[in-house]
Amino acid sequence: MGKKRTTKYKKHIGQVPGAIIYTGEKTAQKLFIESFDYTETTINEQELTNIEDVFSYKSTESTTWININGLNYIDEIEKIGNHYDLHPLILEDIVNTSQRPKIDEYEDYIFIILKMLYYDKDENIVSEQVSLVLGDNYVLTFQESEGDVFDTVRDRLRQAKGRIRNLGSDYLLYALIDAVVDHYYIVNETMGNKVEDLEDMLFEGVIKENLNKQVLDLKKELLKVRRVIFPLREIISRVEKSDHKLIKKKTIQFYRDIYDHIIQLSDTIDIYREMIFSLMDMYMTSISNKMNEVMKVLTIMATIFIPLTFIAGIYGMNFDHMPELHYQYSYYILWAVMIAVFLGMLYYFKRKKWL
Amino acid sequence: MGKKRTTKYKKHIGQVPGAIIYTGEKTAQKLFIESFDYTETTINEQELTNIEDVFSYKSTESTTWININGLNYIDEIEKIGNHYDLHPLILEDIVNTSQRPKIDEYEDYIFIILKMLYYDKDENIVSEQVSLVLGDNYVLTFQESEGDVFDTVRDRLRQAKGRIRNLGSDYLLYALIDAVVDHYYIVNETMGNKVEDLEDMLFEGVIKENLNKQVLDLKKELLKVRRVIFPLREIISRVEKSDHKLIKKKTIQFYRDIYDHIIQLSDTIDIYREMIFSLMDMYMTSISNKMNEVMKVLTIMATIFIPLTFIAGIYGMNFDHMPELHYQYSYYILWAVMIAVFLGMLYYFKRKKWL
Amino acid sequence: MGKKRTTKYKKHIGQVPGAIIYTGEKTAQKLFIESFDYTETTINEQELTNIEDVFSYKSTESTTWININGLNYIDEIEKIGNHYDLHPLILEDIVNTSQRPKIDEYEDYIFIILKMLYYDKDENIVSEQVSLVLGDNYVLTFQESEGDVFDTVRDRLRQAKGRIRNLGSDYLLYALIDAVVDHYYIVNETMGNKVEDLEDMLFEGVIKENLNKQVLDLKKELLKVRRVIFPLREIISRVEKSDHKLIKKKTIQFYRDIYDHIIQLSDTIDIYREMIFSLMDMYMTSISNKMNEVMKVLTIMATIFIPLTFIAGIYGMNFDHMPELHYQYSYYILWAVMIAVFLGMLYYFKRKKWL
Amino acid sequence: MGKKRTTKYKKHIGQVPGAIIYTGEKTAQKLFIESFDYTETTINEQELTNIEDVFSYKSTESTTWININGLNYIDEIEKIGNHYDLHPLILEDIVNTSQRPKIDEYEDYIFIILKMLYYDKDENIVSEQVSLVLGDNYVLTFQESEGDVFDTVRDRLRQAKGRIRNLGSDYLLYALIDAVVDHYYIVNETMGNKVEDLEDMLFEGVIKENLNKQVLDLKKELLKVRRVIFPLREIISRVEKSDHKLIKKKTIQFYRDIYDHIIQLSDTIDIYREMIFSLMDMYMTSISNKMNEVMKVLTIMATIFIPLTFIAGIYGMNFDHMPELHYQYSYYILWAVMIAVFLGMLYYFKRKKWL
Amino acid sequence: MGKKRTTKYKKHIGQVPGAIIYTGEKTAQKLFIESFDYTETTINEQELTNIEDVFSYKSTESTTWININGLNYIDEIEKIGNHYDLHPLILEDIVNTSQRPKIDEYEDYIFIILKMLYYDKDENIVSEQVSLVLGDNYVLTFQESEGDVFDTVRDRLRQAKGRIRNLGSDYLLYALIDAVVDHYYIVNETMGNKVEDLEDMLFEGVIKENLNKQVLDLKKELLKVRRVIFPLREIISRVEKSDHKLIKKKTIQFYRDIYDHIIQLSDTIDIYREMIFSLMDMYMTSISNKMNEVMKVLTIMATIFIPLTFIAGIYGMNFDHMPELHYQYSYYILWAVMIAVFLGMLYYFKRKKWL
C-alpha cells in the first residue's frame, strides 16, 4: 500500500518559489534534443547533443521547432530558458510534472501545458506532460521522456505536406496541439469500449467477482481523462479569443477546429459517466430483482410444506387415544387433505402472480 | 461485440489537419446533385450529373439552392468547395460525419452543421448529418445519403407557396433548418410515447424480463437526441444575434421562432429524463414493497406453524415415561392448545397490521 | 392507451412556416369578442359579433382592451392581425396552443404568451394559453375558450377602482398579467396541500396501494406548473428592464411587484419538489425498516424452534437401542434442556437488541 | 388537517393590486409606536399614542428612527406612508407578511424587507417580517408584533455607545440589519446542535420511532432558514454596490461586513444540508447491514438444523423393514454423523466469514 | 455532548459592531512579536517585547514584516491598528477567529484572512487563522498561537535566498501566502491516502464496525478543507486582477502561480468527494450482493430439505392402515425417491445459476 502513494508534492514544500525541481519519476531518462528549422522551401533537421547548438536559431527568420526530452536535465532547461528569456516560473512549471493543463500569456511568448494520454501495456491510462512555448518564430516543446505523438508533425515538416511549411510558428503550435488531441480520441474510444463491455456483461448476467473494482477503475479513468481534457476548453478558447500578436488571424480558424474537437470529447466523457451511473442503477435493480426471485422460491416452498409437515407431525404423535389413527381410510383422507392444501397454496401463489 | 464498435475516429489520426476524408459508412452511395435556381417569378429545377453544371449560378442575381447527396465523392466536394471559395476546414467537416452540430461564421458565408433525426425500420434512432453553407445568393447543402426532410421546402419552392420565393437565401436557410427541426418533434413525440408506455407497464405490474434493457435504451436515445438538439440552442441564438451581413433584419424574427421551438424541445427532453428517473425510483420502491409482502407471507406461515410442529414433535417422541400420552383427553387438549396458539398468532399479526 | 397520446405537433409538420393553424382541441368553441374602451372618465363596454366593429378603436386616444375567445376562428384572427399589423409569426403563435410562455418585442407592440392554470372538476391541472398584445393605446387578448381569470380586471374597469382607468395600456397589461399570476397562487396552494397530505399519510403509515401513482402524478403536476411559471421570470424581467417605448417608467414598479411574486412562486415549487424527494427517501427507509422488523420476527421464531424441533425429532426415532428413552426421568430432563435452550436464545436476542 | 393549512394567499386574489391588506394572523395586536430622534449630542426617545406626533421629525436635521409594531393598523400605516411619500406598493408589501426578503430602491428612499428568526417555546422556528425604509435622515421600521431583536441598538442609541450617534441614518439601517443577522447565528447554532444530536443518535444506535419525522422536520427548518437568509446575499450586495445617494461611502465597509456574515451563514446551512444527506445515507447503510446480520443468523440456524432434522425424521419413520433401526450402534453412529454435519457446517460458515 | 458544542458566536451577539473581541479558545497564549526589516543588502531581525518598538519602521524605506502571535492581546492589537490606521472592522476580524477566508481592499492597504491547515497529534485537521495586512512597505501578520508555516520564508529572508529581498512587500505577501498554500498539499495528500485506505479496506472486505463513522469523518474533513481552500480561488483571483497600487505588475505572475495551485487543490478535493460517493455506492452494492448470497444459501437448503422432511414425516405417522409401511422394499424405494428429489432440486438451482 505504502509504495503506490504519491509523494511528489512534498518535494516542493519549503522550497523557494520558482525553484526548478523535477518532480517526476523518470530520473534515469537520457537527454534528447532535436530541432527543425524550416522555411517554405528549406528544412534543416538536427539531433543535438549540446543545448547551445540551437541558440543560433533564435535570430534567424526561419521557423524553428526545438523539442527537448528529459526533464531531469535541469541545467540544460535553465540554459535554454535564459537564452529565450523565459520567466523563472515557466521553467519551474516545465519540470513540475504534476501541473494542471494551463495557458499563460506573456508579452513575448505564450506558454501552454498539456498532457498526452495513452494506455500502457497493462491497459492503464498514462498521462505525460508536454510544455509548449510559442515565441516569435519558434516553438519549444519539453517532454518527460522519449516517445511522443508528434511523428505525424515531423513527417509533414519533412515532406512539406499540407500548409505546415507555409505558415508560421502559430500554425506549428496548432499542429502539435492537434496531434495531442487526436490521441485523446483513441483513449476515448477505448473507454467507450470498456463501457460497452460493462453493459454487455451486465445484460448477460455475467457478474464477475471484481465487477465493483472494474467499475471503480473505469470511473477513476474517466476522472483522470476529464481532468486532462476539460481545462483544454478554456485554454483553446483563450487562444482563439486572444489578440496576442503571436496568433495570426489566419490561424484562429484552426484553433476553433481543435475547440470543436475538445467539446466533442468532453461531451463523450460526460455521456460515459452518465452511462456508468445508469448501469450501476440497473445493476442495483437487478440485484434486488434477483433477491426477490430467491425469496419467492423460498417462501413458496416453505409456505407449502411447513403446514403439510405439521399435519404429518400431528399423526406421528404417540397419544394412546387418537381415534383418527384407527379408522380404516384415515391415511387416504389425509392424503386428500394434503393434496387439497397443496393445490390451494398453488392457486394462491398463482393469483399473487408469484408463479 | 467487436463488430459494432465504431472505429471512425481512427481514420483521422495522424492525418494532415484539413485532410478531406469521408468518415461515414455509406461508401456505396451514388452521387446525386440537384439545384433550384429561383427569383420571385421564375424557378429552374435541375438534376445534375456533373458538378460543374452548377458553377454558372454563382454569378447570377437569382437565389440558388444546390443539394449534394453522397459524401463519399470527395473530388466533387472539393471542386465545389474551390469554386465557392470554402475554407479547407469546412470541406473536412462536411465529409466527417461524426461532427457535433455547430456554426462557423466566415466573412463571406456562414457554415452550419445539423443532424437530421428519424427512426429506422427497427425503431432505432438514426441521425444523419446535413451541412449547410449560406452564401450571398446561394445555399449549399451536403447530405450523406438519399432521402431527407426537405420535400416540403422543395414543394414550396416549386409552387411559390408562402414567402419563400420572395425572400432571399437567408430565408431559404431558415426554411431548411425549420424542416429539420420539425422532424425533431416527431422523434420527440415517439420518445414521449415510449416513456408513457414504460409508465403504463410499471403501473400495470407487467414487469418484463428486459425492462432494464428497455430503460437503458430509452436513456441512450434521450442522450443521443439531446446531443443533437441542445447545441442548436446556441447555434440559432448566434444566428439571431449575429450582425452578419448575410442575415437580413427581416429574417431574424423567423430564426427566433426556431429558437422557441428548440427551447421547447429541450424542455421536453429534460422532462422525459426526469420522468424516467422518477419511474425507476418508483420501480425500486415497488420491488422493495413486493419483497416486503413476500417476506410477510413467509414469516406469518413460518411463525405460526414452526411452534405447532414443535409441539407435535414433542408428542412424537418415544420415551417410555411420558405421562401425557396416556391420559384420555390429552389429544383433544393438545388440539385446543394448538388452536389457541394459532389464534394468538393471528391476533398478533393483525395488530401488527401484517394481515 | 392510443387515445390519450397527443398528436398536435404533427399537424404542423410540413406546413409553410407562418401558416396559421389552430392546434388545440376546442374546435367547437363559439367566437366571443368583447371590448372595453375607456379614458379616465368614460368607459364603453361592448360584446361584438363582428370583428370589424372593433377596428375603429385603433385610432382613438382612449385605451382599448379587446378580448377574443375562440382560437378556431382563424379568419377573424387573421383580420384583426392584419388590421393591427401583427407579424404573421405572431398569428401563428396565437393559435398554436402548445407554445411555451414567451415575450417578443416588436417595434410597435409587445407580444406575450402566458398560460392560465386551474384545476378542473377531476382535480387535474389544466393550462390554457392566453396571448397578449400590447400596442400604443390598446391591449389585445386571445383565449382558447370561455371562462377566464380576468373578471376582477373587468370589474375594476367598470367601477374605476384603483388606478386602472388613470394609467394607460401598459398598466392594463400589468393588471391582466397580475390576474393570471394571482391564480397561480391558488394552484400552488393546492399542490402544497397535496404534499402535506402525502406527508401525513406517510407518517400515519397509511400506505395506500396507489401511493406510487399519487407521487408520480404530483411530480408531473409540479413539472407542468414549473414549465408554466419559470419562463415568466425571464419574461417579466425583460419587461422590467426593457426600455421599450410602450412601457412607461411609472409602470415598471408594478412589473417588479409581479416579478417578486414569480420568484416566490418558483421558490415554493422548488421546495415542494425537494419535499417530495425527502418524503420518498423517508418512505424507502421506512420500507427497509419494516422489512427488518419482519425478518427479525421470522429469525427469532425460526432460530428458537428449529433446534427444539430437532431435539424432539431425535427422540422420535425408532432405533431399537436408544438408552435415553428408557430412563425414568428422561422426558423431564429433556423439557429442562429445551426450556434452557429457549431461555438462552431469548437472552441472546435480548442482548442483540432484537427484542 | 384542514385547520393548519395556510389560506393567506387567497385574501389577495381578486383585489386591486396595491390594495393594503394585512395578511398575517395577529389581528389582536395593539398598536405601538416609538421614536428615537438624535444628533451626535442629543437624544429624544418617545413612546407615541398618535401616529401624527412623529410627523414633525421629517423636516428636522436630526436622525430619526420610528418603529411601528402592529401591522393590522392599516389606517395608521397609510397615514405614515402618505406623510413620507411612500409608493402604494410599499405599503402593500409592509402589511403582506408573506413577502420574500427583498430590496427596492426608489429615488428618495430604500425599502428593505427582512425576516427575524427565533425559536418559540415549542422549539419551532418562527420568522417575523420586518420592513425597513431608509430615507434622507430617518429610518422607519414596521413589525408584526411586540418583541424584537433591536434592544441592543436602542441601548447603543441611549448610551451613545460606539459610532452610532455620530453617523447618519444609513449607519442606523446597518445597525438594525446587523442586529437581525446576529440572531440568525443563534438559530444556526441551534440547528447545528440538532444535526450533531442526530449524528450522535445514529452512531449510538438509538433509533427512535420518530427518527424519520425528526429528520424531515430538520430538513424543513433548514429550507425555511435558507429561504430567509439566502436572498440577503443579493440584498446586501446590492446595497454595497449601489451608488444610491442615501448610502455614504464611509458606511459601505460595514455592509460588506454583514455580507461576509451572510456568506458564512449560507455556507453553514449548506454544510448542514449535506451532513443530513450523509447521515441518512449512513442510516440506510446501517439498516442494510443489520438486515444482513439478521439474515445470517437465520440462515446459519436453518442451514444447520434443517438437514439434521431431516435425518432424525428418516429414522422416525415406521417402515417394517428399516435395517438400520436394529443394529446395536446405529444410534451412536447417527449422533456421530450429525455432529460431523454440524461441524462441517460451522467450518463452511467460518470460511465464508459469516461467523 | 454539551461540552463540544461551540458557543463562540454568542459572544458577539448584542455587541456594538466593530467591537474587538477575541473569539478563539487560546486565552492563555503568550504575546510574541517578531519583526524583519530588510532591504536588498541589509536585514534586521528582532524579537520584541513591546509593540511600540516596531512603530518606527513605518516611515523607513525598507520593507518590514511584523508577525504577532496571540490574538488575546486586544490592547496591543488595537495599538498597532491605530498606528497603521487600520479600519476598526479589520481589527474586529483579526481577533474573530471564526472568519471565512476573505480579502478586503482599502485604499492604503489590502487585508487578507487565510486559514493554515495541519493535522494535530490525534490526526484531526486543525485550522488556524492568519490575518495579513499588506501596506506600502510593510506586511503585518496576526496569528492565534505559536508555531506556523512561515519558517521557510524566515530562512529565505535571513539567507537572501531567491528574489525575496530584492522585491517589495507585495512579493513578501506572496511568499507568505505561498507558504500557507504549500501546507494544504500535505493535508490534501493525507486525505488522499485516507480515501485510498478506505478503498483498499472495502475491496479486501475488511468491514470494520466503525466504517460508517470513518466515512462520515472523512466527509467532514473534506468539507472543512473545502471551506478553507475554495474561497482562496476568488481571493487570489482578485489580487491577480486588481489594479491596486500595492500590487506591482511584476509580482502578478507569482499570484497567478498560486492561483494554479489552488485550482489544482480544488480539483483534487472534488475528486476525493466523488471517490467517496462512488465507494459508498459500491459498498451498498456489495452489501446487497452479500445479502443475496446469504439468501441463496438459505433458500437452497430450505428448499431441498423441507420437502424431504415432509416425506419423512408422512411415514412417521402412526395410522393403523398405511400399506406402504409394510412392503419389503418401501424404505429403499423412499430413499430412491428422496435422492431423486434432491438431485432434481440441485439441477433446478444449477439451471438458475444459484450454484
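Below or above, wherever it landed, is the structure these notes cover. Since the model is a prediction, treat every value here as computed from it, not as a measurement. (Residues numbered from 1 in each chain as written. Chains lettered and ligands numbered in written order. Predicted model: local features only at pLDDT ≥ 70, side-chain atom pairs only at ≥ 80, totals over all residues. Heavy atoms only, no water.)

1. Examining the nonpolar core
As a rule of thumb, soluble globular proteins bury nonpolar side chains together. If you look at the biggest cluster of nonpolar residues, it comprises 135 residues, and the most contacted ones within it are A:Tyr315, B:Tyr315, C:Tyr315, D:Tyr315 and E:Tyr315. Beyond its immediate stretch of four places on either side in the chain, E:Tyr315 contacts A:Tyr331, D:Gly316, D:Met317, D:Asn318, D:Phe319, E:Met322, E:Glu324, E:Leu325 and E:Leu334. (Core = buried A, V, L, I, M, F, W, Y, C linked by side-chain atoms within 4.5 Å. Buried < 20%, exposed > 50% of the residue type's maximum accessible area, 1.4 Å probe, protein only. Contact = heavy atoms within 4.5 Å.)

2. Here's the deal with the side chain of D:Ser237
Residue and element names in this part refer to chain D. Assignment of secondary structure puts Ser237 in helix H6 (residues 211–241). Exposure remark for Ser237: the relative accessible area of 14% places this residue in the buried category. If sequence neighbours within four positions are ignored, Ser237 has contacts with Leu232 and Tyr259. (Helix = DSSP H or I, 4+ residues; strand = E, 2+ residues; numbered from the N terminus.)

3. Observations regarding unusual backbone geometry
Residues and elements named next belong to chain A. In this model, Glu123 sits at a positive phi of 65 degrees, which is unusual for a non-glycine residue. For Glu123, the position within the fold is in the loop between strand S5 (110–119) and strand S6 (125–134). With a relative accessible area of 43%, Glu123 lands in the partly exposed category.

4. Concerning the arrangement of the chains
Kept free of each other, chain A and chain C leave a smallest C-alpha distance of 9 Å between them. At the C-alpha level, the nearest point of chain B lies 9 Å from chain D, with no contact between them.

5. Regarding the sheet that holds strand S4 (residues 102–105) of chain C
Residue and element names in this part refer to chain C. Across the sheet, 7 strands lie side by side as S2-S1-S3-S7-S6-S5-S4; this open sheet has mixed pairing. A single partner strand is all that each edge strand has here, and the edge strands are strand S2 (43–48) and S4. Ignoring strand direction, the axes of neighbouring strands in this sheet form an average angle of 15 degrees. Note: strand S1 (residues 32–38) against strand S3 (residues 63–69), 7 bridges, orientation antiparallel. (Pairing = 2+ DSSP bridges. Axes fitted to C-alpha atoms, helices over the stretch in contact; angles between N-to-C directions.)

6. Regarding the relation of the copies chain D and chain E
The transform that puts chain D on chain E rotates by 72 degrees and translates by 0.0 Å along the axis, for an RMSD of 0.1 Å. Taken together, these values place the two copies in the relation of a five-fold axis. Of the C-alpha atoms belonging to chain D, the one lying closest to the rotation axis is found on D:Gly316, 4.6 Å away. Counting the interface residues of chain D, we find that no more than 14% of their copies in chain E are interface residues as well, pointing to two distinct contact surfaces. (Least-squares fit on C-alpha atoms with pLDDT ≥ 70 in both.)

7. Quick notes on a negative patch on the surface
A surface patch of negative charge is lined by A:Asp281, B:Asp281, C:Asp281, D:Asp281 and E:Asp281. Mapped onto the elements of the fold, D:Asp281 is located in helix H7 (residues 249–314). (Patch = residues over 30% accessible without salt bridge, like charges linked within 9 Å, V, L, I, M, F, W, Y side chains within 5 Å. Areas by Shrake-Rupley, 256 points an atom, 1.4 Å probe, with all protein chains shown as cover. Salt bridge = Lys/Arg side-chain N within 4 Å of Asp/Glu carboxyl O. Lys, Arg positive; Asp, Glu negative; His and termini not counted. Charge placed at Lys NZ, Arg CZ, Asp CG, Glu CD.)

8. Things to note about the sheet that holds strand S1 (residues 32–38) of chain A
Residues and elements named next belong to chain A. The mixed open sheet is built from 7 strands, whose spatial order is S2-S1-S3-S7-S6-S5-S4. Of all the strands in the sheet, the pair left with one neighbour each is strand S2 (43–48) and strand S4 (102–105). Between one strand axis and the next, the sheet turns by 15 degrees as a mean value, whatever way the strands run. Here helix H5 (residues 169–203) sits on the sheet and contacts S1, strand S3 (63–69), S5, S6 and strand S7 (138–143); the angle it forms with S5, its principal contact strand, is near 30 degrees.

9. Quick look at the side chain of A:Asp260
Take A:Asp260: it is sitting in helix H7 (residues 249–314). Assessed through its relative accessible area of 18%, A:Asp260 is described here as buried. Within the structure, the side chain of A:Asp260 is placed 2.5 Å from the side chain of B:Lys102, a separation counted as a polar contact. Ignoring any residue separated from it by four or fewer positions in sequence, one finds A:Asp260 in contact with B:Lys102 and B:Asp104. (Polar contact = N/O pair within 3.5 Å; in protein donor to acceptor, adjacent residues only side chain to side chain.)

10. Quick word on helix H3 (residues 88–95) of chain A
Across the 8 residues of H3(A), 7 count as buried, placing the element largely inside the fold. All of the buried residues along H3(A) are A:Leu89, A:Ile90, A:Leu91, A:Glu92, A:Asp93, A:Ile94 and A:Val95.

11. Looking at the interface of chain D and chain E
Chain D puts 65 residues into the contact, and the matching count from chain E is 64 residues. Regarding the contact of chain D and chain E, the summed buried area is about 6,000 Å², with carbon and sulfur atoms giving 63% of it. Summed over the three residues of chain D that lose the most area to chain E, namely D:Glu189, D:Phe310 and D:Phe319, the buried surface amounts to 11% of that side. Summed over the shared surface of chain D and chain E, the result is 6 salt bridges. Across the salt bridge formed by E:Lys220 and D:Glu199, the nearest N and O atoms sit 2.8 Å from each other. Applying the counting criterion to the chain D and chain E interface returns 17 residue pairs in polar contact (both at pLDDT 80 or more). Secondary structure elements with two or more residues in the side of chain D that touches chain E: helix H4 (151–159), helix H5 (169–203), H7 and helix H8 (330–351) of chain D. (Buried area = accessible area lost by both parts, 1.4 Å probe.)

12. Here's the deal with the interface of chain E and chain A
Often, the extent of an interface is quoted as the loss of accessible area on bringing the components together. Taken residue by residue, the interface counts 65 residues in chain E and 65 residues in chain A. Roughly 6,000 Å² of surface becomes buried between chain E and chain A when both sides are summed, with 62% attributable to carbon and sulfur atoms. By the criterion of area lost to chain A, the three top residues of chain E are E:Glu189, E:Phe310 and E:Phe319, representing 11% of everything that side buries. For the pair chain E and chain A, the number of links is 6 salt bridges.

13. What to know about the pattern of salt bridges
If the charged atoms of two oppositely charged side chains come close together, the side chains can form a pair. Counted by the stated rule, this structure contains 110 salt bridges over all chains. In this structure, the salt-bridge partner of E:Arg238 is E:Glu234, at a minimum N-O distance of 4.0 Å. In this pair, E:Arg238 and E:Glu234 both sit in helix H6 (residues 211–241), 4 residues apart, roughly one turn of the helix. Each of A:Asp93, A:Lys102, A:Asp104, E:Glu240, E:Arg256 and E:Asp260 takes part in a single network of salt bridges with overlapping partners.

Fair warning: the whole summary comes from geometry, so function is off the table for now.
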